[in-house]
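Structure assessment
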Amino acid sequence: MGKQDTYSHISYLEHKGRFKGIMSWLTSTDHKKIGLMYLYAIVVFFFVAAVLGVLMRIEKMNPGPDIMDAQTYNGIFTLHGVIMIFIVVIPGIAAVFGNFFLPIMIGAKDVAFPKLNLFSWYVYIIGAILGVLSQFAGDGPPDTGWTFYVPYAANSSTNVIFALTAAFVLGFSSILTGLNFIVTIHRLRAPGMTFFKMPLFPWSLYATAWIQILATPIVGITLLMVIAERVLHIGFFDPALGGDPLLFQHLFWIYSHPAVYVMILPAMGVVTEIFPTFSQKPVFGYGAIAISSLAIAVVGYFVWGHHMFTTGISYWSRWFFSFLTFIVAVPSAIKVFNWISTMYGGSIQMRPPLLYAISFIFLFLIGGFTGLTLGALATNVHVHDTSFVVAHFHYIIFGGMGFAFFAAMHYWFPKIYGRMYSDKMAYIAWGILFVGFNVLYFPLFILGLQGMPRRYFDYLPEYHNGHLISSIGAFITFTGLILMIGNLIYHRRRGVVAPSNPYQGVTLEWQIESPPTHENFETIPVIQNPPYLFKKTEK
Amino acid sequence: MTNTSPGHTHQIDSETGKMGMWLFLFTELFLFGGLFLAYAVLRNTHSEGFHKAAAELDIFIGTINTVVLLMSSMTVAMSITALQKDNKRLAIRLLLATIFLAGVFMVNKYFEWSHKFEHHLWPGSEVYLNLERSEITFYGLYYMMTGLHALHVIIGAILLVVTIFRIKAGVQHSGHYVLLENSALYWHLVDLIWIFLFPLLYLIT
């Protein structure tokens, strides 16, 4: 089958810049190449952290120390968290697919500040390297968990400063990306594309970008304060120096809860693109989906206190935060109903991207409902800091954002590389991954309800069965991941040449060549219609 | 209104550039906002120590520095007007004046800090750690806030130097001066933050 290129245009992949080979990538301000550079970095770090996760599961297969001691375990879960949260999931979809497709979907040739875009990639890489270095330089791997709770983070003898600096630097990169996207969306939409004619993936990126620039600086200063506390003995948070440890938790979660929406909003945007395409039907409730993204961003800013229900904050503030936590579930639910309604009565084509998108809904619902369990005051006290929490946020982050990321990879793969992957292989990998995921994380809900604390490297014998099942799930999940990525990597060069619109999508990225040319559009398109107009359904 | 579609031009149009800068300034405000929040909370728990320690600060130097920064904000604003009127030399001179004033500010800061250091009052020193807890907290905040602000003064001054070279090279001119505007905006932020730091740290005793 077509082993050579049959497309006649010169794509961005072959575009000749000033430099050749690897330098043509490292110096490129092309948003598509920068997006792919993020993708490669993120995939590599994802596998590093996934291996750490598997190591933790091996350790927990049997009670008692098996392959590591308690301190090593602390280091591993910290690094797993730092890499997954700050290096993989927060930049995740926005930096990879946002960079690649935001300008194309709004009919622009690049982002507003292409050089700044490349700069933020370098900042990201520096931060990522610092994060990894924290494991090797200085006095041993940090053991505070990714949350860096003070006073322990101020006193731990391990190499916490590197990890703090890494998170700070990565946050800076995230701010710059968000800033770039907001300006791009405001200034570079194609003529005729009003805000409400914009596809919904850019809408979700817009809401995300606002959170990025309004919340990230707060964690930035908080991390700097912890660094100052360690280096200069300035007492902000450590009670021994006159500080207030609760202040740290407030400042930390003011960012880190909205950060959850930085992770999940672009994921919601991705599946919102996928459902109409594979149902060949306009998205149901366009306005509701667009506005609910903003609603999530706004309300999500004011729910951070639900991480602190057991810290002794006042009754009324607990009441308030719990109430808002329930409110923030509403716009998420609106989206879910809209996705389902989009599929209802459509001519559904069950291809791999849709499969991933549907499993996104399934896993996200489980994650979301258990989130309400945690957001309710009484149950929170019961399951606080148990593996119930671990299961909950893995369902949201891995099952939600992760599966949406995989959906996006399969959906836009033909556009990015101009090749098709093997559908059959993708189905098999999905099956293994989906089963493995549930086997891995579902037992943790039950263990948590029974009282298994999180972050413990050992446990009582009665928890053995659950942990064993979960560990088996880890191996299945990992196998699925390898198969899925392998399928994509293999067909990146060897796959059948993809047409410009293999899935009959209607947004702008499907109107240009696969892979796109260096400047995306010969002439900037003029937009007259709302997005998601499919021929069959026009009456 | 239809948008032109840059990404194809090498110069970023001025509206776009300014919007990026304003968003960046928001993030800077939030960065300092975290410190102001910490100030509010810690002042509430340690009001007496804050009162005592703040009285030790040199109001005279603080006032001088406030005036200096306000003047520098004026010169940088005048520089924009000068460039708009195509008076390149005056624009550059006014920028040099701004940088000079930034230098004066930093020198004052240097004297203020070194005066404290002479009394062995730096974070972590013996004298420092023997103070009351609440005073330690005040000095900690004082060093952190003024230190971070001083860092911003330096970055702002560097930006202004770059701008001077761009004006000299003719890249920034009366038709296109987004870099000058952005550096000036940044400089006003530096000024603005000081306007809040000064009363919080020096005047409320």
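Reading guide: rules and limits
- Residues numbered from 1 in each chain as written.
- Chains lettered and ligands numbered in written order.
- Predicted model: local features only at pLDDT ≥ 70, side-chain atom pairs only at ≥ 80, totals over all residues.
- Heavy atoms only, no water.
- Helix = DSSP H or I, 4+ residues; strand = E, 2+ residues; numbered from the N terminus.
- Rg over C-alpha atoms; globule rule 2.2 N^0.38 Å.
- Buried < 20%, exposed > 50% of the residue type's maximum accessible area, 1.4 Å probe, protein only.
- Contact = heavy atoms within 4.5 Å.
- Areas by Shrake-Rupley, 256 points an atom, 1.4 Å probe, with all protein chains shown as cover.
- Lys, Arg positive; Asp, Glu negative; His and termini not counted.
- Charge placed at Lys NZ, Arg CZ, Asp CG, Glu CD.
- Buried area = accessible area lost by both parts, 1.4 Å probe.
- Salt bridge = Lys/Arg side-chain N within 4 Å of Asp/Glu carboxyl O.
- Polar contact = N/O pair within 3.5 Å; in protein donor to acceptor, adjacent residues only side chain to side chain.
- Nonpolar A, V, L, I, M, F, W, Y, C, P; charged D, E, K, R; others polar.
- Phe/Tyr/Trp six-rings, centres within 6.5 Å; stacked < 30°, edge-to-face > 60°.
- Lys NZ or Arg CZ within 6 Å of the ring centre and 35° of its normal.
- Axes fitted to C-alpha atoms, helices over the stretch in contact; angles between N-to-C directions.
- Parallel < 35°, antiparallel > 145°, perpendicular 65-115°, else oblique.
- Left-handed = near helix turned anticlockwise from the far one by under 90°.
- Core = buried A, V, L, I, M, F, W, Y, C linked by side-chain atoms within 4.5 Å.
- Expected span 1.5 Å × (residues − 1).
- Bend = angle between axes of the 7 residues up to and from the residue.
- pLDDT = per-residue confidence, 0-100.
- Patch = residues over 30% accessible without salt bridge, like charges linked within 9 Å, V, L, I, M, F, W, Y side chains within 5 Å.

1. Comments concerning the overall build of chain A
What chain A contains, in helices and strands, is 16 helices and 0 strands. On C-alpha atoms alone, chain A measures out to a radius of gyration of 23 Å, which is about the 24 Å that the 2.2 N^0.38 rule sets for 539 residues. Projected onto its principal axes, the C-alpha positions of chain A cover 65 × 45 × 45 Å. Split into buried and exposed, the 539 residues of chain A put 63% on the buried side. Counting contacts in chain A only where the partners sit at least 6 residues apart, residues at least 24 apart contribute 82% of the total. For chain A, the accessible surface area stands at approximately 19300 Å², while carbon and sulfur atoms represent 70% of it. Charged side chains of chain A number 29 positive and 22 negative; the gap between the two group centres comes to 13 Å.

2. Considerations on the interface of chain A and chain B
On the chain B side, the residues contacting the 39 residues of chain A number 37 residues. It is Arg 187, Ile 221 and Phe 236 of chain A in chain A that bury the most area against chain B; as a group they hold 18% of the surface buried on that side. Between Arg 187 of chain A and Asp 13 of chain B there is a salt bridge, and its shortest N-O distance comes to 2.9 Å. Where chain A touches chain B, the interface holds 3 residue pairs in polar contact (both at pLDDT 80 or more). Contributions of two or more residues to the side of chain A that touches chain B are made by helix H7 (160-187), helix H8 (200-232) and helix H9 (245-279) of chain A. Looking at the side of chain A that touches chain B residue by residue, the class counts come to 28 nonpolar, 6 polar and 5 charged.

3. Remarks on the packing of aromatic side chains
How two aromatic rings sit relative to each other is given by the distance of their centres and the angle of their planes. All names here are of chain A. Under the definition given, this model contains 70 aromatic pairs over all chains. Ring geometry for Tyr 503 and Trp 510: centres 6.1 Å apart, planes at 80 degrees, overall edge-to-face. Overall, Tyr 503 belongs to the buried group, its relative accessible area being 0%. Accessibility expressed as a relative area gives 2% for Trp 510, which makes it buried. The ring of Trp 25 is capped by Lys 33, whose NZ or CZ atom sits 5.2 Å from the centre of that ring.

4. Remarks on the packing of helix H4 (residues 92-105) of chain A against H7 of chain A
All names here are of chain A. Contact geometry of H4 with H7 gives a least axis separation of 12 Å together with a crossing angle of 25 degrees. The angle between H4 and H7 places the two elements in the roughly parallel class. Remark: the crossing between H4 and H7 carries left-handed chirality. Across the interface between the two elements, Ala 94, Gly 98, Asn 99 and Leu 102 from H4 touch Phe 181, Thr 184 and Ile 185 from H7. Taken together, the residues of the contact of H4 with H7 break down into 4 nonpolar, 3 polar and no charged.

5. Things to note about the side chain of Ser 174 of chain A
Residue and element names in this part refer to chain A. Considering the arrangement of structural elements, one finds Ser 174 in helix H7. For Ser 174, a relative accessible area of 9% puts it in the buried group. When near neighbours in sequence (up to four residues on either side) are disregarded, Ser 174 contacts Ile 90, Gln 212 and Thr 216.

6. Details of unusual backbone geometry
In the segment running from Val 150 of chain A into Pro 151 of chain A, the intervening peptide bond is cis, with an omega of 10 degrees. The residue Pro 151 of chain A is located in the loop between helix H5 (114-133) and helix H6 (152-155) in this model. Geometrically, the link from Ser 514 of chain A to Pro 515 of chain A is a cis peptide bond, its omega value of -15 degrees lying close to zero. Relative to the assigned elements, Pro 515 of chain A resides in the segment after helix H16 (464-494). Residues other than glycine seldom take positive phi values, yet His 233 of chain A does so here, at roughly 55 degrees. Within the secondary structure, His 233 of chain A sits in the loop between H8 and H9. Although it is not a glycine, Asp 86 of chain B adopts a positive phi angle of roughly 65 degrees. Among the secondary structure elements, Asp 86 of chain B is positioned in the loop between helix H3 (59-84) and helix H4 (88-118).

7. A short note on the nonpolar core
Residues and elements named next belong to chain A. With 251 residues, the main nonpolar core has Phe 97, Phe 148, Phe 406 and Trp 412 as its most contacted residues. The leading source of residues in this core is helix H14 (residues 387-417), at 21 residues. Ignoring anything within four residues of it in the chain, the contact list for Phe 148 reads Val 82, Phe 86, Ala 153, Val 160, Ala 163, Leu 164, Ala 167, Leu 223 and Phe 248.

8. Re H7 of chain A
The first and last C-alpha atoms of H7 of chain A sit 41 Å apart over 28 residues, in line with the 40 Å expected at 1.5 Å per residue. Most of H7 of chain A is tucked away: 22 of the 28 residues are buried.

9. Looking at H8 of chain A
Residue pairs spaced three or four apart in an α-helix point in one direction, given the helix's 3.6 residues per turn. Compared with an ideal rise of 1.5 Å per residue, which puts 33 residues at 48 Å, H8 of chain A spans 47 Å between its outermost C-alpha atoms and is within 8% of the ideal. Of all bends in H8 of chain A, the biggest is about 30 degrees, found at Ala 215 of chain A, and the proline Pro 217 of chain A comes one to four residues later.

10. Topic: the pattern of salt bridges
Taken as a whole and assessed by the stated rule, the structure comprises 8 salt bridges over all chains. In this structure, the salt-bridge partner of Arg 454 of chain A is Asp 385 of chain A, at a minimum N-O distance of 3.6 Å. Of the two residues, Arg 454 of chain A sits in the loop between helix H15 (423-450) and H16 while Asp 385 of chain A sits in the loop between helix H13 (377-383) and H14, which places them 69 residues apart along the sequence. Across the pair Lys 109 of chain B and Glu 112 of chain B runs a salt bridge whose closest N-O atoms are separated by 3.4 Å. A residue pair is termed a helical-turn pair when its members lie 3 or 4 positions apart in one helix, as Lys 109 of chain B and Glu 112 of chain B do in helix H4 at 3 residues. The class of Glu 112 of chain B is buried, set by a relative accessible area of 2%.

11. Re the environment of Met 106 of chain B
Residues and elements named next belong to chain B. Inspection of the secondary structure puts Met 106 in helix H4. In this structure Met 106 comes out as partly exposed when scored by relative accessible area, which is 25%. With 47 residues separating them along the chain, Met 106 and Val 153 place their C-alpha atoms 8.0 Å apart. With residues up to four places along the chain from it excluded, the contact list for Met 106 reads Ala 150, Val 153 and Ile 154.

12. Details of the side chain of Asn 438 of chain A
Residue and element names in this part refer to chain A. Here Asn 438 lies in helix H15. On the basis of relative accessibility, which here comes to 18%, the residue Asn 438 falls in the buried class. Within the structure, the side chain of Asn 438 is placed 2.8 Å from the side chain of Tyr 395, a separation counted as a polar contact. When residues no more than four places from it in sequence are discounted, the contact partners of Asn 438 are Phe 362, Leu 363, Tyr 395 and Pro 443.

13. Quick notes on the environment of Ile 476 of chain A
Locating Ile 476 of chain A in the fold gives a position in helix H16. Excluding anything up to four places from it in sequence, Ile 476 of chain A contacts Ile 432 and Gly 436 of chain A.

14. What to know about the confidence of the model for chain B
Atomic detail in the predicted coordinates should be set aside for any region of low pLDDT. Residues and elements named next belong to chain B. Residues at a pLDDT of 70 or more form 94% of chain B, whose mean pLDDT is 88. Within chain B, H3 carries the highest mean pLDDT (95), whereas helix H5 (residues 126-130) carries the lowest (75). Of the regions scoring below 50 in pLDDT, residues 1-10 engages in 13 contacts with residues more than four places distant in sequence or in other chains.

15. Quick word on a nonpolar patch on the surface
On the surface, Tyr 315, Trp 316, Trp 319, Phe 320, Phe 323 and Ile 327 of chain A cluster together to form a nonpolar patch covering roughly 680 Å² of accessible area. With respect to the helices and strands, the residue Trp 319 of chain A is situated in helix H11 (residues 315-343).

16. Regarding the packing of H4 of chain A against H9 of chain A
All names here are of chain A. At a minimum axis distance of 11 Å, the contact between H4 and H9 shows a crossing angle of 50 degrees. With respect to H9, the axis of H4 lies oblique. Between H4 and H9 the crossing geometry is left-handed. Along its contact with H4, which presents Ile 93, Ala 94 and Met 105, the element H9 presents Pro 266, Ala 267, Val 270 and Glu 273. Considered class by class, the residues forming the contact of H4 with H9 number 6 nonpolar, no polar and 1 charged.

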